[in-house]
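# Structure at a glance
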Amino acid sequence: MKFKYAATGVAVVLSLAGCQRTSYSGLDNSSSSLPPLQAQPVPSVQSGQLPPPGGVTDPSQFPAAPAGAPTSVATAAPATALDVTKESMVGNWRVTNAGASCDMFLTLTNLGAGSRGGTRGCAGPLTTMGSWEVEGKQVVLKDRNGNVIGRLYKTADARFDGTTNNGQPVSLSR
């Protein structure tokens, strides 16, 4: 019986002896070839009131929009546009854009203010597509930041036509 206690004690002592904290970084810090960095002086911090932006003293006045700001595509669908629902848009679509074809996938999974969508094999602005939304009779395609990249409207049972923001024609079909 005493042999069990002795064996258990030896096992505990050996296991605790193996619990020493050690580390190995592969580098010997005592023989480093780089000298330690010297402390640098820190300049004093100054405080004060900033001047108004653009030199405008009246805070109700805003600066004019910069010249060359991007213009957006017209937001109204043509009078011939057919009604569209989100549910009818879900799935795989064949896209024709500027003479090239690619695939678009639309889901009902929420992504920001729209639903998740994406493209495969597309060129131009459609490569940045991340979401989509139905607004009235239009399908609005958005990039990953939520900016509109194109608008489509339903022209037939399984066909949508429209343009990207840079004016390229886009068609979706099944």
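Report follows, based on the coordinates. Predicted model only: the values in this text are computed from it and were never measured.

### Quick notes on the overall build of the protein
For the protein, the count of helices and strands is two helices and eight strands. N-terminal to C-terminal, the α/β element order of the protein is α-α-β-β-β-β-β-β-β-β. Classification of the 174 residues of the protein by burial places 24% in the buried group. Partitioning the intrachain contacts of the protein with sequence separation of at least 6 by distance along the chain shows that 35% fall at a separation of at least 24. Of the roughly 12,800 Å² of accessible surface on the protein, 58% is carried by carbon and sulfur atoms.

### What about the environment of Thr127?
Within the element layout of this structure, Thr127 appears in the loop between β3 (114–120) and β4 (129–135). As for Thr127 and Asp143, which are separated by 16 residues in sequence, their C-alpha atoms are 8.5 Å apart. Here Gly124 takes part through its backbone oxygen, which lies 2.8 Å from a polar atom of the side chain of Thr127.

### Regarding the state of the cysteines
Summed over all chains, the structure comprises one disulfide. Across the disulfide from Cys102 sits Cys122; the S-S distance is 1.8 Å. Every disulfide takes its handedness from the sign of the S-S torsion; for Cys102 and Cys122 that torsion is 80 degrees, giving right-handed. Taken together, the residues Cys102 in strand β2 (residues 100–111) and Cys122 in the loop between β3 and β4 connect sequence positions 20 residues apart. Neither Cys102 nor Cys122 differs from the other in exposure class; each is buried.

### Details of the side chain of Asp103
Along the chain, Asp103 falls in strand β2. Classification of Asp103 by relative accessible area gives buried; the value is 14%. Only 2.8 Å separates the side chain of Asp103 from the side chain of Arg94, close enough to count as a polar contact. Excluding anything up to four places from it in sequence, Asp103 contacts Asn92, Trp93, Arg94, Val95, Gly118, Thr119, Arg120 and Cys122.

Each value, and the rule that gives it
- Counting restarts for each chain: residues are numbered from 1 in the order of the written sequence.
- Side-chain atom pairs in this predicted model are given and counted only at pLDDT of 80 or more, local residue features only at pLDDT of at least 70, and totals for whole chains, interfaces and linings cover all residues.
- Working from all heavy atoms in the structure, the side-chain values ignore hydrogens and water.
- Strands here mean DSSP runs of E at least two residues long; helices mean DSSP runs of H or I at least four residues long; both are numbered from the N terminus.
- When accessible area is computed with a 1.4 Å probe and restricted to protein chains, residues below 20% of their type maximum are described as buried, those above 50% as exposed, and intermediate ones as partly exposed.
- Any two residues having at least one pair of non-hydrogen atoms within 4.5 Å are treated as being in contact.
- The Shrake-Rupley method, run with a 1.4 Å probe sphere, supplies the accessible areas, and residue values consider only the shown protein chains as cover.
- Here a polar contact is recorded for every N or O atom pair within 3.5 Å, except that within protein the pair must consist of a potential hydrogen donor and a potential acceptor, and residues adjacent in sequence are included only if both atoms are side-chain atoms.
- Disulfides are defined as cysteine sulfur pairs within 2.5 Å.

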